[in-house]
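Structure assessment
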Amino acid sequence: MGVPLAILGGAIRVGTPLLWVSLGETVTEKAGRINLGLEGTLLMGAMTAFAVSLGTGQPWLGVLAAALVGTVLGLLHGLLCGLPRVNDIALGIALMLAGSGLAFWLGKPLIQPSAPPLPAVPIGTALTDQPALRAALDINPLFVLGLVGALAVHLVLQRSRIGLKLRVVGDSDPAARAFGLAVGRYRMGATAFGGACAGVGGASLSLFYPGAWSEALSSGQGVMAVALVIFARWDPRRCIWAALLFGGASAISPALQALGYSQGYYLLAALPYVVTLAILIGIGRPSAEAGAPGELSLNR
Amino acid sequence: MTDPRLALALNRRRVLQAGAALGTTALLPAWQEAMAQGTPLVVGVIYVGPRTDFGYNQAQAQAAALIKKLPGVKVVEEENVPETVAVQKTMEAMINQDKATLIFPTSFGYFDPHMIKMAEKYPKVRFAHCGGLWTEGKHPKNTSSYFGYIDECQFLSGIVAAHVSKSKKLGFIAAKPIPQVLRNINAFTLGAKSIDPAFTTRVIFTGDWSMPVKEAEATTSLIDQGVDVLTCHVDSPKVVVETAEKRGVFSCGYHASQAALAPKGYLTGAEWDWATPYTAQIKAAQSGAPMPNVLRGGLKDGYVKMSPYGTAVPAAAKTKADAVKAEMMKGTYVIFKGELKDNKGAVVIPKGSNLDQFNGELEKMNYLVEGVIGSIS
């Protein structure tokens, strides 16, 4: 089976948690706040989902629990950022460290057991007899949900009253206040939503692919997703492409090595980061026309 | 005097009084003597990951659990210590706070410069490192290296793999191209080739010891290329073995037994038995003997062992592997013998040359043998 299929499969496998985290962060940033703590939220989500699935035998209950834990962590970030003279970037980094530390500590007894995983969406089984193609098309159900979620979030942001208000809050604090909008509440809600999505992203790691809990599980995906938001220019639909691109780039190195082309594999392994960096440089400093929220501390 | 517990307590007191009256503890075993003097040997064990990782750290922790039961030994442990100055701080804390006098920093990257620095600073403390290459004159006398010839087990795994593989394509997921890893890839391949020279091993380097997503992706890629038996050299083979089981292919384990993770596809695996070098170091420390600077051994010496055969292993494979294992137990089997070519066609071991397991040349291995598909740079 060829490299293109491997890249496509890998894009979906590796990209799913990135899709969720970047989708959530897009909404948070649209409201004018940044949450760099998502790496910690992702890990807490992964750990919680695994624990609940292990305890109850219900992986979907694990996903729900991960979303809840993510919501709580998001609310915490939102609450603390609402205090005067609190910098959201510094706080995010603190929460990232706290979240991952807590997840490692609570997750100690979860390294050995195997929890029931999420069932795959067997598109491949219906289409083909070829085992490799089948496996590549045994799709993570959270990927499908993520696609639906991205389109839904897009519609809500662009077409609904609440979406419009959220964008006003993110673009101009004075304007929002002049409209009589409760700026703090909108930001709080958007941060909680971002946390919930990051929690689900974590559940995708521990309950589907690779489908285990360990401390090295996330390897920076939560941080990466924040970069992908800029790359996606705060458009939920573009989050899909951003996540797939990064996931696909991650699959190139193993796919080529499996074929025997392993010269310079260290360079190949760095490819996803190089690609992201190159594209970010290519895009340049995002302007308001490109969808950058005006109140975002990154853009001010 | 009807309460038996009370009677026992009185008896013990009487014995202790008798011992005190004699003015000597010579009648008591050595460890009680040590305890009476209040000086158990404090042994520090440092892990790079969690102790329950189904892999590298678990194998070390199993040995630590065994030496805890030895008389006059107290074990202090710390897990998840990165290969940075953090490990120096951990060592200093163990030495100063816990009064540890023998330390096992178990991870490869702890050796140079971290452990060497600490050994120079604390010359009375003994440091026993796993896997490093101790060199006379270059490294302090209070440091040492222990390692096992687990490539013997990898060779046997290769033999078993060759009996169940239909595609004649084997897969190996490796962390980094360091000599120990290359030796395992090569031994696994040579084991399979000893059954049928047509066998090839595809190797994927992930770049680090613990990268679950990359390991899963590597496993998936190899299976997509038609590989039907996989093994690995990463810290925790859990992801590799579970992913292989999910895709219905076979796997051989590493470090510790992963049989529980793959009831259908687990064939066998290469496991450590670190209690052997741990015990040797402790005995030397307790008796005040000089530190054994280099400890090496294979199956014969009890440094490594095989996982029990899984249900999918045919009788012919067991017979063949057991026969080779019996020769290894006698110490007569040579894995790396001439003429051996690397996978670029160059001769790496000339004709007529047999490198026995203890040969230092093997610890500097920097090539992949013929039949391995992959590159180390």
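Attention in this report is confined to the structure presented alongside it. (Residues numbered from 1 in each chain as written. Chains lettered and ligands numbered in written order. Predicted model: local features only at pLDDT ≥ 70, side-chain atom pairs only at ≥ 80, totals over all residues. Heavy atoms only, no water.)

**Overview of the interface of chain B and chain A**
A common way to express how large an interface is: the accessible area buried when the components associate. Taken together, the contacts link 37 residues of chain B with 37 residues of chain A. Buried surface at the junction of chain B and chain A, summed over both partners, amounts to about 3000 Å²; 51% is from carbon and sulfur atoms. Among the residues chain B hides against chain A, the three largest losses belong to V213(B), E217(B) and Q225(B). Together they make up 20% of the total. Remark: the boundary between chain B and chain A carries two salt bridges. Ionic pairing is found between R13(A) and E217(B), a salt bridge with its closest N-O pair at 2.8 Å. Those elements giving two or more residues to the side of chain B that touches chain A turn out to be β7 (200–205), α8 (212–224) and α9 (238–246) of chain B. Counting residues per element, the side of chain B that touches chain A draws most heavily on α8(B), at 10 residues. Of the residues contributing to the side of chain B that touches chain A, the split by class is 15 nonpolar, 11 polar and 11 charged. (Contact = heavy atoms within 4.5 Å. Buried area = accessible area lost by both parts, 1.4 Å probe. Salt bridge = Lys/Arg side-chain N within 4 Å of Asp/Glu carboxyl O. Helix = DSSP H or I, 4+ residues; strand = E, 2+ residues; numbered from the N terminus. Nonpolar A, V, L, I, M, F, W, Y, C, P; charged D, E, K, R; others polar.)

**Looking at unusual backbone geometry**
Following D112(B), the chain continues to P113(B) via a peptide bond in cis, the omega torsion being 10°. Cis geometry is found at the peptide bond from G338(B) to E339(B), where omega equals -5°. Turning to its location among the elements, E339(B) is positioned in the loop between β13 (336–337) and β14 (340–341). One non-glycine residue with positive phi stands out, namely S219(A), at about 40°. Considering the arrangement of structural elements, one finds S219(A) in the loop between α10 (183–207) and α11 (221–231). In this structure, H255(B) takes a positive phi of about 70° despite not being glycine.

**Re the pairing of strand β9 (residues 250–255) of chain B**
All names here are of chain B. For β9, the tally of buried residues reaches five of six residues, placing the bulk of the element in the interior. Of the pairings in the sheet, the one linking strand β8 (residues 229–233) to β9 comprises two bridges and is parallel in character. Bridging from a neighbouring strand, L230 pairs with S251 of β9. Regarding topology, α9 serves as the crossover connection from β8 to the parallel β9, and that connection is right-handed. As defined by bridge partners, β9 adjoins strand β10 (residues 266–272) across four bridges and the pair is classed as parallel. Bridge pairing in β10 places G253 opposite G269. (Buried < 20%, exposed > 50% of the residue type's maximum accessible area, 1.4 Å probe, protein only. Pairing = 2+ DSSP bridges. Right-handed = clockwise from strand over helix to strand, strands pointing away.)

**Notes on helix α3 (residues 56–67) of chain B**
All names here are of chain B. Taking 1.5 Å of rise per residue, 12 residues should cover 16 Å, and α3 covers 17 Å from first to last C-alpha, within 8% of that figure. Extensive coverage of α3 is indicated by the burial of nine of its 12 residues. Of the residues making up α3, those classed as buried are Y56, N57, Q58, A59, Q60, A61, A63, A64 and I67. (Expected span 1.5 Å × (residues − 1).)

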